[in-house]
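An overview of the molecular structure
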Amino acid sequence: MKSAYRTAVLPALLLASACVAPVPTADADRGRPEDTGADDTAEADDTADTADTADTDETGDTNDSGDPAVPLPWADPTFWTEPGPLAILVGSRPSAARYAVRIATSVDGVHYTDAGTIAWGLSSLHVLAVDGGLVLTGMVDPGLVLLSEATVYALATRDLTTFGSVAWPVAEAAEAMTVDAAPYVAADGRLGVVYFGTSEAGVDPATIPGPHAIRRAWWTEAGLVEEPAPLYSEDGLVDPCVCTLDGTEVLFATVADDGVRVATSTGGPFAAVDNGAALSGNTVPFCRADADGGALVTQLPSDEGPPPAFRWSADGMVTPAGTAADANPFDGPCTSPAILPWQDGWLMVCAIVM
């Protein structure tokens, strides 16, 4: 449900998500921090570091869960530079590309300036900030890349100019496609990837009837290996992402025609949290978390204006927090928005229909 043009191919492409500092919210009238009211704004904390970077264990030591830690993919320097299977998406626009991946930058997390296009042919974006760089995942426009079944694809960059790309096959996958794959770094330092698993190609994934199983694969020495059982299942689920706060994993996902679903887990099954109408009409969640709490941005139902912003807590309760910027900095609707701290400021990443 990330855009009007969204057809599943075999398989869907993964781009990444970030669990980092809270999203600042914009108040065009005052431009200052305010703690009350859904339409009020919050000033960005430019000093915040990404939680994912702090949690990552790349040393090969034992991680917090007691399992032997393995080097994560970005420990290999070529991860950030090897052109790989998605090389066609960087540089000149491919003729078949329907989307541009655009970025905007901000020094205060409120006022953003369009900084141009960094990639082509990707939608349903997810962005992971880790190890001083960004990992991008999403759905590849049909006809651009020959994709393999049960595989997660990612672009990676440390400077928004030079890109590497990778293909991660998912072992023991129950379905042929990993739709809307979103990687995250768990509290114990392991790399997990969540996605909607399906084998029905050629249609908008959100329209596939029946329960949609959100599945998870973990990074191992052999690559990604899928867990036997789904994390959570409900009719119409797409666009999942997971963030961890105070020992609780919080899952966000679009529910077709019903806004965003929230579910939580402290190690057992994920259980839905009733947020009433707080997330009604919103789609394509992008979550972040740090010691100050959780932040969420979503796609507007009309795709116009700046992304809506929310705060969330470890119990899965969500509170509206105005908008994540004072205006949409792009010349087209911002779909599947991601907003996160980047270097000395803030970065907004959107898929723009061309």
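Residues numbered from 1 in each chain as written. Predicted model: local features only at pLDDT ≥ 70, side-chain atom pairs only at ≥ 80, totals over all residues. Heavy atoms only, no water.

The subject of this paragraph is the overall build of the chain. Per the secondary structure count, the chain includes one helix and 21 strands. A total of 354 residues make up the chain; the buried ones form 59% of that total. For the chain, the share of sequence-separated contacts (at least 6 apart) that also reach a separation of at least 24 residues comes to 60%. Accessible area of the chain: about 13,100 Å², with a carbon and sulfur share of 50%. (Helix = DSSP H or I, 4+ residues; strand = E, 2+ residues; numbered from the N terminus. Buried < 20%, exposed > 50% of the residue type's maximum accessible area, 1.4 Å probe, protein only. Contact = heavy atoms within 4.5 Å. Areas by Shrake-Rupley, 256 points an atom, 1.4 Å probe, with all protein chains shown as cover.)

In space, the four strands of this open sheet follow the order β2-β1-β21-β20, with antiparallel pairing throughout. This sheet does not close on itself; its edge strands, each paired only once, are β2 (113–120) and β20 (335–342). Sheet twist, expressed as the mean angle between neighbouring strand axes with direction ignored, is 25 degrees. (Pairing = 2+ DSSP bridges. Axes fitted to C-alpha atoms, helices over the stretch in contact; angles between N-to-C directions.)

Counting 44 residues, the largest nonpolar core has I118, V127, L134, M348 and V349 as its most contacted members. Elements supplying a minimum of two residues to this core: β1 (99–106), β2, β3 (122–130), β4 (133–140), β5 (151–157), β20 and β21 (345–353). Among the elements that take part in this core, β21 stands out by supplying seven residues, more than any other. Residue contacts for M348: discarding those within four places in its chain leaves R102, I103, A104, Y112, P307, A325, P329, F330, A338 and I339. (Core = buried A, V, L, I, M, F, W, Y, C linked by side-chain atoms within 4.5 Å.)

A separate point is the packing of aromatic side chains. The description of two aromatic rings rests on the distance between their centres and on the angle between their planes. Summed over the entire model, instances satisfying the criterion amount to six aromatic pairs. Here W74 and F79 contribute two aromatic rings whose centre-to-centre distance is 6.2 Å and whose plane-to-plane angle is 65 degrees, an arrangement assigned as edge-to-face. The pair formed by W74 and F79 is uniform in burial state, with each residue classed as buried. The interplanar angle of 10 degrees and the centroid separation of 6.4 Å between the aromatic rings of F79 and W168 together place this pair among those described as stacked. Taken together, the residues F79 in the loop between α1 (51–55) and β1 and W168 in strand β6 (residues 163–171) connect sequence positions 89 residues apart. (Phe/Tyr/Trp six-rings, centres within 6.5 Å; stacked < 30°, edge-to-face > 60°.)

Read across the open sheet, the four strands follow the order β12-β13-β14-β15; overall the sheet is antiparallel. Looking at strand neighbours, the two that pair on one side only are β12 (237–245) and β15 (271–273), the edges of this open sheet. Going across the sheet, the axis of each strand differs from the next one's by a mean of 30 degrees, ignoring polarity. Bridge analysis of strand β13 (residues 248–255) against strand β14 (residues 260–265) gives six bridges, and the strand direction is antiparallel.

With respect to the secondary-structure elements, S165 resides in strand β6. A distance of 2.9 Å separates a polar atom in the side chain of S165 from the backbone nitrogen of L86. Other than its neighbours up to four places away in sequence, S165 contacts F79, E82, P83, G84, P85, L86, A87, A154 and L155. (Polar contact = N/O pair within 3.5 Å; in protein donor to acceptor, adjacent residues only side chain to side chain.)

Before going further, it helps to examine the state of the cysteines. For the structure on display, the rule yields two disulfides. The disulfide that involves C243 links it to C287, with 2.3 Å between the sulfurs. Torsion about the S-S bond of the C243 and C287 cystine: about 100 degrees, corresponding to right-handed handedness. Here C243 is found in strand β12, whereas its partner C287 is found in strand β16 (residues 283–290), with 44 residues between them in sequence. The burial state of C243 is the same as that of C287; both residues are buried. Residue C334 pairs covalently with C350 via a disulfide, S to S 1.9 Å. With the S-S bond torsion at -70 degrees, the cross-link from C334 to C350 turns out left-handed. In this pair, C334 sits in the loop between β19 (318–323) and β20 while C350 sits in strand β21, placing the two residues 16 residues apart along the sequence. In this structure, C334 and C350 share a single accessibility class: buried. Counting only the cysteines that take part in disulfides, in the order they occur along the chain, gives the pairing 1-2, 3-4. (Disulfide = S-S within 2.5 Å.)

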